[in-house]
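Here is what each chain is made of, one letter per residue.
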Amino acid sequence: MGFRAWKRTARMSVIPLGMAQRALVGGWLRAFGKLTDASSLELHEQTADQLFEVLGGLKGGVMKFGQVLSVYEAVLPPEISAVYRHRLARLQEAARPENEAVVHGVLVEDLGAHWRTLFASFDDEPVAAASLAQVHRAVWHDGREVAVKVQYPEAHADLLGDRDSLILVMGWFTRLVAPVLDGRAMAEDLMNRIAEELDYAREAASQRAFRAGFAGLPEFRVPEVVRQEGRVLVSEWVGGTPLAEVIASGSREERNRAGLLLTRLMFAAPVLCGRLHGDPHPGNFRLLDDGSLGVLDFGAVYRLVPGEESPLHRWLRIHLAETPDELLRTLRDVGFLRPGVQADAAGLQELFAHSGQPAHAETFAFTPHHLRETVRRMTASPAVALSLAFPPDLVHAQRALGVGIGVLCQLEAEVPFQAEALRWLTAE
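Residues numbered from 1 in each chain as written. Predicted model: local features only at pLDDT ≥ 70, side-chain atom pairs only at ≥ 80, totals over all residues. Heavy atoms only, no water.

### With respect to the environment of Glu98
Here is step 1: Turning to its location among the elements, Glu98 is positioned in the loop between helix 5 (90-94) and helix 6 (100-111).
Here is step 2: Residue classification places Glu98 among the partly exposed positions, given a relative accessible area of 26%.
Here is step 3: Counting along the chain gives 52 residues from Glu98 to Val150, while the straight-line C-alpha distance between them is 10.0 Å. (Helix = DSSP H or I, 4+ residues; strand = E, 2+ residues; numbered from the N terminus. Buried < 20%, exposed > 50% of the residue type's maximum accessible area, 1.4 Å probe, protein only.)

### A closer look at the environment of Phe364
Here is step 1: With respect to the helices and strands, the residue Phe364 is situated in strand 13 (residues 364-365).
Here is step 2: On a C-alpha basis, the gap between Phe364 and Glu414 in space is 5.4 Å, while along the polypeptide they are 50 residues apart.
Here is step 3: Not counting chain neighbours up to four residues away, the residues in contact with Phe364 comprise Gln357, Pro358, His370, Ala413, Glu414 and Val415. (Contact = heavy atoms within 4.5 Å.)

### Structural notes on helix 18 (residues 417-425)
Here is step 1: Within the sequence span of helix 18, burial applies to Phe417, Glu420, Ala421, Trp424 and Leu425. Within helix 18, the buried residues cover an arc of 105° as seen down the axis, which keeps them to one side. (Arc of directions from axis to C-beta.)

### What about the nonpolar core?
Here is step 1: Phe210, Phe214 and Leu411 are the most contacted members of the largest nonpolar core, which totals 61 residues.
Here is step 2: Filtering out sequence-adjacent residues up to four positions away, Phe210 remains in contact with Val222, Leu265, Ala269, Cys273, Arg275, Leu276, His277, Phe298 and Val301.
Here is step 3: Core analysis: the second largest hydrophobic core is formed by 16 residues, Val103, Leu107, Trp115 and Val232 among them. (Core = buried A, V, L, I, M, F, W, Y, C linked by side-chain atoms within 4.5 Å.)

### Some remarks on helix 6
Here is step 1: The terminal C-alpha atoms of helix 6 lie 16 Å apart, and with 12 residues this matches the ideal 16 Å at 1.5 Å per residue to within 8%.
Here is step 2: Restricting attention to buried positions, one finds in helix 6 the residues Val103, His104, Val106, Leu107, Asp110 and Leu111. Buried residues in helix 6, looked at end-on, bunch into an arc of 155°, giving them a common side. In helix 6, the exposed positions that point more than 90 degrees away from the buried face belong to Ala101 and Glu109.
Here is step 3: Between the side-chain oxygen of the N-cap and the backbone nitrogen of Ala101 there are 3.2 Å, and the N-cap of helix 6 in question is Asn99.
Here is step 4: Where helix 6 terminates, the next one or two residues include Gly112, which has phi positive at roughly 105°. (Expected span 1.5 Å × (residues − 1). Polar contact = N/O pair within 3.5 Å; in protein donor to acceptor, adjacent residues only side chain to side chain.)

### Brief notes about the pattern of salt bridges
Here is step 1: In the structure shown here, the tally under the stated rule is 17 salt bridges.
Here is step 2: Taking the shortest distance from any N to any O, the salt bridge between Arg144 and Asp142 comes out at 2.9 Å.
Here is step 3: One salt bridge connects Arg264 with Glu420, and the closest N-O pair in it is separated by 2.9 Å. Highlighted residues: Arg264 in helix 11 (residues 252-273) and Glu420 in helix 18, separated in sequence by 156 residues. The pair Arg264 / Glu420 is uniform in exposure class, with both members buried.
Here is step 4: Here the salt bridges share partners, and the residues they tie into one network are Glu219, Arg264, Glu420 and Arg423. (Salt bridge = Lys/Arg side-chain N within 4 Å of Asp/Glu carboxyl O.)

### Considerations on the packing of helix 12 (residues 311-320) against helix 13 (residues 324-334)
Here is step 1: Closest axis-to-axis distance for the helix 12/helix 13 pair is 8 Å, and the angle between their directions is 165°. When the interaxial angle is binned, helix 12 and helix 13 end up roughly antiparallel. Crossing hand, helix 12 versus helix 13: left-handed. Across the interface between the two elements, Arg314, Arg317 and Ile318 of helix 12 pack against Leu327, Thr330, Leu331, Asp333 and Val334 of helix 13. (Axes fitted to C-alpha atoms, helices over the stretch in contact; angles between N-to-C directions. Parallel < 35°, antiparallel > 145°, perpendicular 65-115°, else oblique. Left-handed = near helix turned anticlockwise from the far one by under 90°.)

Limitation: the analysis is restricted to geometry and does not speak to function.
This is the structure:
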């Protein structure tokens, strides 16, 4: 291990140690009846502060993980979720862009020494700096406005060096905030998908597939791939209002419109593209003035196996089961109950009755409370929840579905969820 990798690992190691200490303190206070709301909140504040301090100073997979942590805030009580939202959301803002010399070096290596002749203009000041790359606004030589995504030179090495540490940290964090979830499986899947995000040829292929698949739906705007070489991806520029702004201050009409299109994207993509957008967080969407939805970033895409039932089909079948026995048969059929495992059919039906509410309502109003209550019920019935096995091939798709529903809850959108699901899932 080189000095740089050793230094990153050393910084990361303090996180699980700190979490373990706070878990012991929390257990001690609980055992002696002294764990108050105030002391619990203080422990979460200490955890959030440490995560921000350590993760905010690093790039690569660490920064990506830091952004994923913000997803957890939707399943926590409001006073605790605010702690993580305020601190961890700053990780995106804390991503420090590379200097011009580094960016130009990548452009020279991958586009050639005369890369500037490809552009009528190129803004050296990035418009966005993310975990693995940064984006520059430019004008292509034919006059088109474009977004130029440039991968950090050390992204691949950092990802490999961070892998084991991130899996450990995510396991500890999940145990702290959402014990019912399998943090290790989520972390392993996350790291595998981040590795795929470093392959820009793969991303360009997925972006072209989405653009072709949604060409007949004017309510979606998928940018054209202008050029892809190595660690550089040039795409058509898409403006509009970032979804984060719609969440923060959008009108009821804008929230519902965004929610409808996100739902349609989720269910239509497997049918039209044979793929599922794997990273549906607010930063990857824009609401345009004409009411259409701009869809960005196709690095994390779940590719369906031709001829196999899609994950969304499985989700719908589970939640539309009408009796406990039908639910058990369906769960075994789709791989969520292993052969021979005895399960509480009535308890499982009660569990899925809540999470499946959107599939049974003509119009469903998503709220943060809905997501928190789903997780609370799983946590309150661990014996029921733990009887389920999660098929390894569905971890990524389930994470995408969970994040997508989490965004709908952040939007507090009212959506004809059932109609969209049936429209697309019965179209196949």
